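Architecture and fold: a report
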Amino acid sequence: MRPLSYARAADADTAIAMVQARPDSAFLAGGTTEVDLVRQDVLRPGLLVDINDLPLTGVADLPGGGLCQGRPAPP
Amino acid sequence: MRRRPCLLDALREHLGLTGSKKDCDQGTYGACTVWVDGRRVLACLTLAVTCEGHQVTTIEGLSDGSGLHPMQASFIERDAFQCGYCTPGQIMSAVALLEEGHAGDDAEWMSGNICRCAAYPNIRAAIRDVRDAAGGER
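Since the model is a prediction, treat every value here as computed from it, not as a measurement.

1. Some words on the overall build of chain B
The secondary structure content of chain B amounts to 5 helices and 3 strands. N-terminal to C-terminal, the α/β element order of chain B is α-β-β-β-α-α-α-α. Relative to a compact globule of 138 residues, whose C-alpha radius of gyration would be 14 Å, chain B shows 15 Å and is just as compact. Taken along its principal axes, the extent of the C-alpha atoms in chain B is 50 × 30 × 30 Å.

Okay, structure coming up:
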């Protein structure tokens, strides 16, 4: 695997800002396919922003139809 | 920028914990199944750095130290293996399956663990024995 940088985001806004700031970055969530592709040199991120610890487990209905995945879990 | 070993290589090559097995190394066979905070993961597709601050449990740490875990004993009793290479992953998944409450659909919830020797009938029997000894269907 190529060397890469790794960061754990403290919250969703920070994670989005970090990934927006670097074109070669990517979110790391579940990661099974992503890590496989990184290890095979198919994906070549310079930075992975780990969002696994963020409380993004909810699913919400959107007004007008559709679903929003990764909504913050209800308290 | 650093090289980022997967959890499986960190366990086997750096920590000397060789109970978790490397087979396909791409998340297909499940021989590398371990737990992170009690949840099963494929160690070959988990970057070790993502486990910092989390609790990793391998087959070496499954028993409380006083003897075999009941699932390990059950696999022996039921002869639930042939070559044994997939067995650590099978057992880590099997224990997790019961914890998750999926004992009623063991074929589906063990489907991430492939056994090339096809010991499936005995693997499922071993799991059901432990389930029944623990008080039946959960």
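2. A few points about the nonpolar core
Residues and elements named next belong to chain B. The biggest cluster of nonpolar side chains holds 22 residues, and the ones touching the most others in it are Leu62, Met71, Phe75, Ile91, Leu98, Ile123 and Ile127. It is helix 3 (residues 87-100) that provides the largest number of residues to this core, a total of 7 residues. Of all hydrophobic cores here, the second largest spans 12 residues; its members include Cys32, Val34, Val41 and Ala43.

3. Observations regarding the packing of helix 3 of chain B against helix 5 (residues 120-133) of chain B
All names here are of chain B. Relative orientation of the contacting elements helix 3 and helix 5 amounts to 40°, with a least axis distance of 11 Å. As far as their axial angle goes, helix 5 and helix 3 are oblique. The two elements helix 3 and helix 5 meet at a crossing, and its hand is right-handed. The segment helix 3 lies against helix 5, with Gln90, Ala94, Leu97 and Leu98 engaging Ile123, Ile127, Val130 and Arg131. Within the contact of helix 3 with helix 5, the residues separate by chemical class into 6 nonpolar, 1 polar and 1 charged.

4. Some words on the interface of chain A and chain B
A common measure of how large an interface is: the accessible area buried when the components associate. Facing the 18 residues of chain A at the interface are 16 residues of chain B. Interface area, chain A with chain B, both sides summed: about 1,400 Å², of which 54% is carbon and sulfur. The three residues of chain A that bury the most area against chain B are Met1, Pro3 and Arg39 of chain A, which together make up 35% of that side's buried surface. Our count for the contact surface shared by chain A and chain B stands at 1 salt bridge. For the pair chain A and chain B, the number of links is 8 residue pairs in polar contact (both at pLDDT 80 or more). Going through the elements one at a time, strand 1 (5-8), helix 2 (32-39) and strand 3 (47-50) of chain A are the ones with two or more residues in the side of chain A that touches chain B. Examining the composition of the side of chain A that touches chain B, we find that 4 residues originate from one element, helix 2 of chain A, more than from any other. Among the residues forming the side of chain A that touches chain B, the class breakdown is 7 nonpolar, 5 polar and 6 charged.

5. What to know about the confidence of the model for chain B
Of all residues in chain B, 98% attain a pLDDT of 70 or more, and the chain-wide mean is 94. Scored as a complex, the prediction yields pTM 0.89 and ipTM 0.81.

6. Quick notes on the sheet that holds strand 3 (residues 56-57) of chain B
Residues and elements named next belong to chain B. Ordered by their spatial adjacency, 3 strands build an open sheet running 2-1-3, and the pairing between neighbours is antiparallel. Only two strands of the sheet have a single partner each, and these edge strands are strand 2 (39-42) and strand 3. Alignment of strand 1 (residues 33-36) against strand 2, held across 4 bridges, turns out to be antiparallel. The residue bridging Val36 from the neighbouring strand is Arg39, located in strand 2. Running at roughly 45° to strand 1, helix 3 makes contact with strand 1, strand 2 and strand 3 of the sheet.

7. Here's the deal with the sheet that holds strand 3 of chain A
Residue and element names in this part refer to chain A. With parallel pairing, the 3 strands of this open sheet are ordered in space as 1-3-2. Edge positions in the open sheet fall to strand 1 and strand 2 (25-28), since each of these has one partner strand only. The average undirected angle you get between the axes of adjacent strands in this sheet is 25°. Pairing geometry for strand 2 and strand 3, over 4 bridges, is parallel. From the neighbouring strand, Phe27 faces strand 3, where its bridge partner is Val49. Sheet contacts for helix 1 (residues 12-21): strand 1, strand 2 and strand 3; angle to strand 2, the most-contacted strand, approximately 150°.

Cut-offs and rules
- Residues numbered from 1 in each chain as written.
- Chains lettered and ligands numbered in written order.
- Predicted model: local features only at pLDDT ≥ 70, side-chain atom pairs only at ≥ 80, totals over all residues.
- Heavy atoms only, no water.
- Helix = DSSP H or I, 4+ residues; strand = E, 2+ residues; numbered from the N terminus.
- Rg over C-alpha atoms; globule rule 2.2 N^0.38 Å.
- Core = buried A, V, L, I, M, F, W, Y, C linked by side-chain atoms within 4.5 Å.
- Buried < 20%, exposed > 50% of the residue type's maximum accessible area, 1.4 Å probe, protein only.
- Axes fitted to C-alpha atoms, helices over the stretch in contact; angles between N-to-C directions.
- Parallel < 35°, antiparallel > 145°, perpendicular 65-115°, else oblique.
- Left-handed = near helix turned anticlockwise from the far one by under 90°.
- Contact = heavy atoms within 4.5 Å.
- Nonpolar A, V, L, I, M, F, W, Y, C, P; charged D, E, K, R; others polar.
- Buried area = accessible area lost by both parts, 1.4 Å probe.
- Salt bridge = Lys/Arg side-chain N within 4 Å of Asp/Glu carboxyl O.
- Polar contact = N/O pair within 3.5 Å; in protein donor to acceptor, adjacent residues only side chain to side chain.
- pLDDT = per-residue confidence, 0-100.
- Pairing = 2+ DSSP bridges.

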